[in-house]
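The primary structure of each chain is shown beneath.
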Amino acid sequence: MSDLVFKVPQELRRGNKRHNEEQSVAQGADIIRLMCRNFGIADFGAYSVLDVGCGCKLVQAILDRKFPIGHYTGVDVFPDLIRFLQASVADPRFSFHVYDVHNEMYNPQGEPLSANTTLPIAEHSIDFICLFSVFTHLAPHDYTAMLQMLRRYIKPNGKILFSLFVNELTPGGMGHLDKYNKDWETAGKGRLEQHKEAFVQAAKAAGPPDFLDFYPTQPLKCALYSREYALRLVENTRWEVESLNDPEECIQHYMICKPV
């Protein structure tokens with residue numbers, strides 16, 4: 001029986017650990033430690049955090065593992081989850097909001113995302129912004145729009161960290177990234193017939209394409225970027241790339257940027 005302090009019904013949980021709540025919380029705890037390490041802080045006790053596409057993983061980890069938090073704002077396109085969190089988390093350090101923006105995979109009927117999309121929070125009020133498994137499902141135009149939109153909410157000395165799929169083999173990387181690349185290499189031999197032609201054409205080019213919607217029958221299940229294009233898309237968003245980091249056990253490739 002689970003000993004978790006705060007539980008979320010399975011039908012409201014998403015992600016690769018959604019069927020094992022304790023593993024999901026453990027992964028959330030690892031991600032919080034990773035963020036603190038990369039941001040150069042001991043904990044979030046004195047800071048405000050905006051978690052876009054929040055799900056429930058970090059909320060549960062903070063509550064279960066008693067991580068310090070100044071203020072946590074979670075926004076998500078999943079209204080049932082947000083309503084549950086609003087009703088169930090009475091702690092004043094937390095606030096939750098629905099943002100009804102379009103995503104081909106998770107919210108196809110939502111409003112188009114743009115640089116002018118607004119969130120119900122004060123501008124320039126957030127120390128750290130994080131997005132996990134969000135850019136992994138964004139097409140290039142939404143990649144830049146998301147960064148442009150979020151730039152308004154960060155404090156001058158704040159930072160943003162987001163995970164993404166980068167089309168390259170990385171020693172020690174997560175297994176499914178290796179699988180994608182192995183599938184790429186062998187597509188011309190008869191595998192992945194549904195998008196074999198795209199793979200074959202890309203294999204003839206001088207490296208991977210800038211962007212590939214990897215599973216055509218499941219739009220944006222895997223938004224796969226070349227390293228060069230992932231970095232280039234940050235230009236002119238008023239963010240500056242600090243690092244594009246290799247995968248770790250709890251995360252895909254991840255990028256850290258600061259406002260300029």
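**A few points about the overall build of the protein chain**
Okay, step 1: The number of helices and strands found in the protein chain is seven helices and nine strands.
Okay, step 2: When burial is assessed residue by residue, the protein chain has 52% of its 260 residues classed as buried.
Okay, step 3: Counting every atom, the protein chain has about 12000 Å² of accessible surface; 50% of that belongs to carbon and sulfur.

**A short note on the packing of aromatic side chains**
Each pair of aromatic rings is reported with the distance of its centres and the angle of its planes.
Okay, step 1: Summed over the entire model, instances satisfying the criterion amount to 14 aromatic pairs.
Okay, step 2: Each ring, one from Tyr 47 and one from Phe 128, has its centre 5.3 Å from the other, and the planes form 65 degrees; the classification is edge-to-face. On the criterion of sequence distance, the pair formed by Tyr 47 in strand S1 (residues 44-52) and Phe 128 in strand S4 (residues 126-131) is long-range, its members being 81 residues apart.
Okay, step 3: Taking the relative accessible area as the measure of exposure, Tyr 47 reaches 28% and is therefore partly exposed.
Okay, step 4: The exposure class assigned to Phe 128 is buried, which follows from its relative accessible area of 7%.
Okay, step 5: Relative to Phe 96, the ring of Phe 94 has its centre 6.3 Å away and its plane inclined at 15 degrees; by these criteria the two rings are stacked. Here Phe 94 and Phe 96 have matching classes, each one buried.
Okay, step 6: Feature note: the residues Phe 135, Tyr 143, Phe 162, Phe 211, Tyr 225 and Tyr 229 constitute an aromatic cluster, connected by ring pairs.
Okay, step 7: Sitting above the plane of the Phe 78 ring, Arg 14 keeps its charged end 4.0 Å from the centroid.

**Re helix H1 (residues 21-39)**
Okay, step 1: Over its 19 residues, H1 extends 27 Å from the first C-alpha to the last, a length consistent with the 27 Å expected when each residue adds 1.5 Å.
Okay, step 2: Residues of H1 that are buried: Glu 21, Ser 24, Val 25, Gln 27, Gly 28, Ala 29, Ile 31, Ile 32, Leu 34, Met 35, Cys 36 and Phe 39.
Okay, step 3: Among the structural elements, S1, helix H2 (57-65), S4, strand S5 (154-166) and strand S9 (253-259) are those in contact with the buried residues of H1.
Okay, step 4: Structurally, the start of H1 carries an N-cap: the backbone nitrogen of Glu 22 is 3.3 Å from a side-chain oxygen of Asn 20.
Okay, step 5: Two residues or fewer past H1, Gly 40 is found with a positive phi of approximately 75 degrees.

**Describing helix H3 (residues 79-88)**
Okay, step 1: Buried within H3 we find Leu 81, Ile 82 and Leu 85. One side of H3 carries all its buried residues, which in axial view fall inside an arc of 95 degrees.
Okay, step 2: Where H3 is buried, its residues touch strand S2 (69-76) and strand S3 (94-98).

**Observations regarding unusual backbone geometry**
Okay, step 1: At His 124, a position not held by glycine, the phi torsion is positive, near 55 degrees.
Okay, step 2: With respect to the secondary-structure elements, His 124 resides in the loop between S3 and S4.

**Thoughts on the side chain of His 137**
Okay, step 1: When you line up the elements, His 137 lands in the loop between S4 and helix H4 (140-151).
Okay, step 2: In this structure the side chain of His 137 is engaged in a polar contact, spanning 3.4 Å, whose partner is the side chain of Thr 136.
Okay, step 3: From its side chain, His 137 meets the backbone oxygen of Lys 221 in a polar contact 3.1 Å long.
Okay, step 4: Ignoring anything within four residues of it in the chain, the contact list for His 137 reads Asn 103, Met 105, Tyr 106, Leu 220, Lys 221, Cys 222 and Ala 223.

**Here's the deal with the pairing of S4**
Okay, step 1: S4 sits mainly inside the fold: six of its six residues count as buried.
Okay, step 2: Pairing of S1 with S4 involves four bridges; the strand directions are parallel. The partner of Asp 51 across the bridge, within S4, is Cys 130.
Okay, step 3: As paired strands, S4 and S5 are joined by five bridges and run parallel to one another. Bridged to Ile 129 within S5 is Ile 160.
Okay, step 4: Crossover connection from S4 via H4 to parallel S5: handedness right-handed.

Criteria and thresholds
Residues numbered from 1 in each chain as written. Predicted model: local features only at pLDDT ≥ 70, side-chain atom pairs only at ≥ 80, totals over all residues. Heavy atoms only, no water. Helix = DSSP H or I, 4+ residues; strand = E, 2+ residues; numbered from the N terminus. Buried < 20%, exposed > 50% of the residue type's maximum accessible area, 1.4 Å probe, protein only. Areas by Shrake-Rupley, 256 points an atom, 1.4 Å probe, with all protein chains shown as cover. Phe/Tyr/Trp six-rings, centres within 6.5 Å; stacked < 30°, edge-to-face > 60°. Lys NZ or Arg CZ within 6 Å of the ring centre and 35° of its normal. Expected span 1.5 Å × (residues − 1). Contact = heavy atoms within 4.5 Å. Polar contact = N/O pair within 3.5 Å; in protein donor to acceptor, adjacent residues only side chain to side chain. Arc of directions from axis to C-beta. Pairing = 2+ DSSP bridges. Right-handed = clockwise from strand over helix to strand, strands pointing away.

Fair warning: the whole summary comes from geometry, so function is off the table for now.
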